[in-house]
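Structural characterization, general
In case you want the letters, here they are:
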Amino acid sequence: MPVDILDALNPSQRQAVTAIEGPVLIVAGPGSGKTRVIVHRIAYLVDTVGVSPHRICAVTFTNRAAREMRARLQALLGSRAEQLTCGTFHALCAAILRRDGEAIGLAHNYVIYDEEDQGTVIKQAMEEAKVDPRRFPPHAVHEAISAAKAQLLDVEGFRLRVGSYYDEVVLRVYERYQALLVAGQAVDFDDLLLKTFVLLRDHADVLEKYQGRYLHLLIDEFQDTNVAQYQIARQLAGKYRNICVVGDPDQSIYSWRHADLRNILSFQKDYADCRVVHLGENYRSTQTIVAAAQKVIATNRQRLENPLHTSKGQGAPIVAAEAYNEEEEANWVVRELDRLHRQERVPYSACAAMYRVNAQSRALEEACLRYGIPYHLVGALRFYHRKEVKDVVAYLRLVANPADEVSLLRVLNVPPRGIGQKTQDQLVRWARGQGVSALDALGRLSSDEQGAALIPSSGRAALLRFHAMVQELRQAAERLDVVALMDLLLERAGYRQWLLEETEDGQERWENITELRGTAEDFRRLGPQEGLAAFLEGVALVSDQDNAEADRDAMTLITLHQAKGLEFPAVFIVGLEEGLLPHSRSLDDPAQLEEERRLFYVGMTRAKERLYLLRAFRRRFRGSGMPGEPNTPSRFLRDIPSNLIAMPLGSGAPSLIASRRPRDEAAVTPATQAAPPPRPPLKTGDRVRHAKFGEGIVVSCTRSGGDHEVTVAFQGAGVKRLLYSLAPLEKVEMHP
DNA sequence: ATGTTTATTATTTTT
DNA sequence: TAATAAACAT
């Protein structure tokens, strides 16, 4: 019902939803109901205006966001939501290329290389181009190529832009790199965009097909799009010009992924008639938090004014505190969390700790473990990055696409088959000489005596056996679905047995394979060939598995980058120190410094009710012994008006953390809550009394961090592990 | 061919 | 610290 769709919206939101003709730019501050607007806009288009969902394309930045959007639309539109095109730019492009890529010479069964694969190809390319990987780190060269592709510069385009010796080196590698991808019928992430752009540019019929289909185009997180993505969007919107982009320049934090803020300016220039809607009402955070965040972001020079206001109450003051080191900092967080949980009935899941670099999660994790607080670490070890998962995927890729040399070399000797580096090198060289793929070269081994002579006889038999196995799998792939194929492969390759019997943590790793098998189940219904292709595409594009235990009441540990788009009633931002938040790598560049500030802004605006800003006086860097240099408080703290900041809990003195003299160490109030606990309070054999568990005997008492972990065998309640500082423990004197 | 030791080097990471 | 890669030994 149309009334419902518009009813729950404020005037500017309503404007954003109903402005359906022509180009629209929605500037949406944090917590302003951005997702809500997008979802309602689509529902409005379908329900009220009568646009077929088939003709709407919504682009998001993560698969997670796409899934969420689809789910919310399902609630509003029911099964009609299924016809909607909704996904990331990469997924959209992958689908277009799968359908029409042949027009630009892309095999229908092309593979998508992930970062690791791309790395191997780069190294190969550097070797061929005779570039010393020690002088030119492969990662940096790849980065340069990736940046070029994001600006839509292919090899020829880049050649024209070469302006330094370094560029020239990059160019040489770029040429080889691209040739290797083509030979393997493979694309990298950047190619998905670049090749789609080229396809739409050079093939009017294909362009017409997609332009004609998409009557409405919506792009979320527009501030984080790169040039290639923007240009593709322009192509798709070329016919109807109904393009709606939503973004917030102040939350642009991915310039290092080639996001280009100038896209917003370009949009206003390219679509001079575009309507601009500002969503400035924040429905998320208290006045205190909004005001502080506004002050912080207002310090940036490169900025469009975008005032934000909230109708919420003033709320609690922001708490800023200094701990002695990262361990105490983490303890402070966890103790306060525990206090919130007990005194104010705040669930753990309402709280998040955010940090600049992943390494900071460790201290927090340890503190959680120490205090028995459940936590959920976001994005730690990614499922599809695990060796065993990648191995199986490589086998499947090889079956789907025999030209994929990277995958072949990955699994050729996994499990070990006695095919060493030397044999592999020989094989590759011979294949190159013959101008065939490595797998085809294997096929020729038995008949070609000359070629065979190049391979040591010991390896030859193993190679032939491997080839026979792959051929068998390829035949089986014609009739077996993905799951059955996977099962066959695991047996024939001896992978299962090897994993379980020969490797460390074999059991655990096998379970990961089982999980992978589980995700493949969804692709069964697509039938043999289709299912395999779709599965591989999904694996390449959906690198995050957020099937994490969402039902558990646990606090969230997350990087500031990953936190974008989320919200929590209580947020702890840790590591507010010069060199960490602003990160040392951005200190010398004003533009990067502004991005660091935006990152902090993103973090602050995740908080609904409570915001804690922590820092450590000394911080150890990657285990380098003990002390760590004294830290200077982050310059960002200076931007927060002191009347919005409370003194640290438990501290008698007023906090001068937000003072204009942050270098004045004496002015900084230490967080007394994080004070070190007493000396070893108990020893094994001591008799203690606990308020709840009654009497017991100390089994052990060990230092854990700044605290003491006491294991006690209680008479009635069994063995418990307790923290001395928290548990209501009392020593019972043995004898008079 | 493969296992072991030492050297090196560290942001962020939606795809 | 810890992860990875190159060098080295078996």
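Residues numbered from 1 in each chain as written. Chains lettered and ligands numbered in written order. Predicted model: local features only at pLDDT ≥ 70, side-chain atom pairs only at ≥ 80, totals over all residues. Heavy atoms only, no water.

Thoughts on the nonpolar core
- Among the nonpolar cores identified, the biggest contains 68 residues, and Val 173, Leu 192, Ile 243 and Phe 267 are the most heavily contacted of them.
- No other element matches helix α9 (residues 165-183), which puts eight residues into this core.
- Counting residues in hydrophobic clusters, the runner-up holds 52 residues, among them Tyr 384, Ala 394, Val 399 and Val 539. (Core = buried A, V, L, I, M, F, W, Y, C linked by side-chain atoms within 4.5 Å. Buried < 20%, exposed > 50% of the residue type's maximum accessible area, 1.4 Å probe, protein only. Helix = DSSP H or I, 4+ residues; strand = E, 2+ residues; numbered from the N terminus.)

Remarks on the packing of helix α5 (residues 89-100) against helix α10 (residues 189-202)
- The interhelical angle for the contact between α5 and α10, taken along N-to-C directions, is 55°, at an axis separation of 9 Å. Between α5 and α10, the interaxial angle falls into the category oblique. The hand of the α5/α10 crossing is left-handed. Counted together, Phe 89, His 90, Cys 93, Ala 94, Ile 96, Leu 97 and Asp 100 of α5 and Phe 189, Asp 191, Leu 192, Leu 193, Lys 195, Thr 196 and Leu 199 of α10 form the full contact between these two elements.
- When the residues that make up the contact of α5 with α10 are grouped by side-chain class, the tally is nine nonpolar, two polar and three charged. (Axes fitted to C-alpha atoms, helices over the stretch in contact; angles between N-to-C directions. Parallel < 35°, antiparallel > 145°, perpendicular 65-115°, else oblique. Left-handed = near helix turned anticlockwise from the far one by under 90°. Contact = heavy atoms within 4.5 Å. Nonpolar A, V, L, I, M, F, W, Y, C, P; charged D, E, K, R; others polar.)

Quick notes on the pairing of strand β16 (residues 607-616)
- Burial runs high along β16: seven of the 10 residues are buried.
- Sheet topology note: the strand β11 (residues 318-323)/β16 ladder contains five bridges and is parallel. Each residue of the ladder has a partner; that of Glu 322, found in β16, is Arg 615.
- Relative to β16, strand β15 (residues 568-573) is paired through five bridges, and the arrangement is parallel. Across the sheet, Phe 568 pairs through a bridge with Ala 607, a residue of β16.
- The parallel pair β15 and β16, bridged by helix α28 (residues 590-604), forms a crossover whose chirality is right-handed. (Pairing = 2+ DSSP bridges. Right-handed = clockwise from strand over helix to strand, strands pointing away.)

Brief notes about a negative patch on the surface
- A cluster of acidic side chains, namely Glu 504, Asp 505, Glu 508 and Glu 511, defines a negative patch on the protein surface.
- Within the element layout of this structure, Glu 511 appears in helix α25 (residues 506-521).
- Classification of Glu 511 as partly exposed rests on a relative accessible area of 45%. (Patch = residues over 30% accessible without salt bridge, like charges linked within 9 Å, V, L, I, M, F, W, Y side chains within 5 Å. Areas by Shrake-Rupley, 256 points an atom, 1.4 Å probe, with all protein chains shown as cover. Salt bridge = Lys/Arg side-chain N within 4 Å of Asp/Glu carboxyl O. Lys, Arg positive; Asp, Glu negative; His and termini not counted. Charge placed at Lys NZ, Arg CZ, Asp CG, Glu CD.)

A closer look at the sheet that holds strand β14 (residues 555-559)
- Pairing is parallel across the open sheet formed by seven strands, whose spatial order is β13-β14-β12-β15-β16-β11-β17. Lying at the two open borders of the sheet, with one neighbouring strand each, are β13 (375-377) and β17 (645-646).
- Strand contacts of helix α15 (residues 326-343): β11, β12 (351-355), β14, β15 and β16, with the helix running at about 155° to β16, the strand carrying the most contacts.

Thoughts on the sheet that holds strand β3 (residues 85-88)
- One open sheet accounts for six strands, arranged β3-β2-β6-β7-β1-β8; its pairing is parallel. Bordering the open sheet on either side are β3 and β8 (275-279), each of which pairs with just one other strand. Each neighbouring strand pair of the sheet contributes to a mean axis angle of 15°, computed without reference to strand direction.
- By the bridge criterion, three bridges tie strand β6 (residues 216-219) to strand β7 (residues 243-247) in an arrangement that is parallel. Bridge pairing links Leu 217 to Ile 243 in β7.

Some words on α10
- Counted at 1.5 Å a residue, the expected span for α10 with its 14 residues is 20 Å, and the 21 Å between its end C-alpha atoms agrees.
- Three or more residues of α10 are buried, namely Asp 190, Asp 191, Leu 192, Leu 193, Leu 194, Thr 196, Phe 197, Leu 199 and Leu 200.
- Structurally, the start of α10 carries an N-cap: the backbone nitrogen of Asp 190 is 3.2 Å from a side-chain oxygen of Asp 188. (Expected span 1.5 Å × (residues − 1). Polar contact = N/O pair within 3.5 Å; in protein donor to acceptor, adjacent residues only side chain to side chain.)

Observations concerning the state of the cysteines
- Enumeration according to the criterion identifies zero disulfides in this entry.
- We note that Cys 57 lacks a disulfide partner, and the nearest cysteine sulfur, in Cys 86, lies 8.4 Å from it.
- Given a relative accessible area of 1%, Cys 57 falls into the buried group.
- With no disulfide of its own, Cys 274 lies closest to Cys 244 among cysteine sulfurs, the gap being 10 Å.
- On the accessibility criterion, Cys 274 (13% relative accessible area) is buried. (Disulfide = S-S within 2.5 Å.)

Focus: the pairing of β14
- Most of β14 sits inside the fold, with five of its five residues counted as buried.
- Two strands pair when backbone bridges link them, and β12 and β14 are joined in this way by four bridges, in the parallel orientation. Counterpart to Ala 352 in the pairing with β14 is Thr 556.
- Relative to β14, β13 runs parallel, the two sharing three bridges. Opposite Tyr 375, over in β14, you have Met 555 as the bridge partner.

What about the environment of Ile 645?
- With respect to the helices and strands, the residue Ile 645 is situated in strand β17.
- For Ile 645, a relative accessible area of 13% gives the class buried.
- Between the alpha carbons of Ile 645 and Thr 514 there is a distance of 50 Å; along the sequence they are 131 residues apart.

Topic: empty space enclosed by the protein
- The final tally for this structure, using the stated rule, is one cavity of 30 Å³ or more.
- Roughly 40 Å³ of internal volume is contained in the largest cavity.
- Lining the largest cavity, in full, are Glu 326, Glu 329, Ala 330, Gln 360, Ala 363, Leu 364, Val 574 and Arg 619.
- Elements represented by at least two residues in the lining of the largest cavity include exactly α15 and α16 (361-371). (1 Å grid on protein atoms, 1.4 Å probe; cavity = no way out; pocket = protein on both sides within 12 Å on 5 of 7 lines; lining within 4 Å. Points joined across faces, edges and corners; volume = space filled by probe spheres on them.)

Structural notes on helix α13 (residues 262-270)
- Buried within α13 are the following residues: Asn 263, Ile 264 and Phe 267. Taken around the axis of α13, the buried residues stretch over an arc of 105°, which confines them to a single face. Facing away from the buried surface of α13 by more than 90 degrees, the exposed residues are Arg 262, Leu 265 and Lys 269. (Arc of directions from axis to C-beta.)

Re unusual backbone geometry
- Omega for the peptide link from Val 414 to Pro 415 comes to -5°, which places this bond in the cis form.
- Counting through the fold element by element, Pro 415 comes out in the loop between α18 (405-411) and α19 (421-434).
- Of note in the backbone geometry, Leu 152 takes a positive phi value of approximately 65° without being a glycine.
- With respect to the helices and strands, the residue Leu 152 is situated in the loop between α7 (138-150) and α8 (155-161).
- Taking relative accessible area as the criterion, Leu 152 reaches 18% and is therefore assigned buried.
- For His 258, which is not glycine, the phi dihedral falls at a positive 75°.
- Tracing the backbone shows His 258 in the loop between β7 and α13.

Details of the side chain of Glu 336
- Note on placement: Glu 336 falls in helix α15.
- Polar side-chain contacts of Glu 336 include one of 2.9 Å to the side chain of Arg 339.

Section: the pattern of salt bridges
- Counted under the stated rule, the structure contains 48 salt bridges.
- Notably, a salt bridge pairs Arg 432 with Glu 128, separated by 3.0 Å at the nearest N-O pair. In this pair, Arg 432 sits in helix α19 while Glu 128 sits in helix α6 (residues 115-128), placing the two residues 304 residues apart along the sequence.
- By relative accessible area, Arg 432 is classed as partly exposed at 36%.
- Residue Arg 201 pairs with Asp 202 through a salt bridge whose shortest N-O separation is 2.8 Å.
- Each of Asp 114, Glu 116, Asp 117, Lys 390, Asp 391, Arg 397 and Arg 410 takes part in a single network of salt bridges with overlapping partners.

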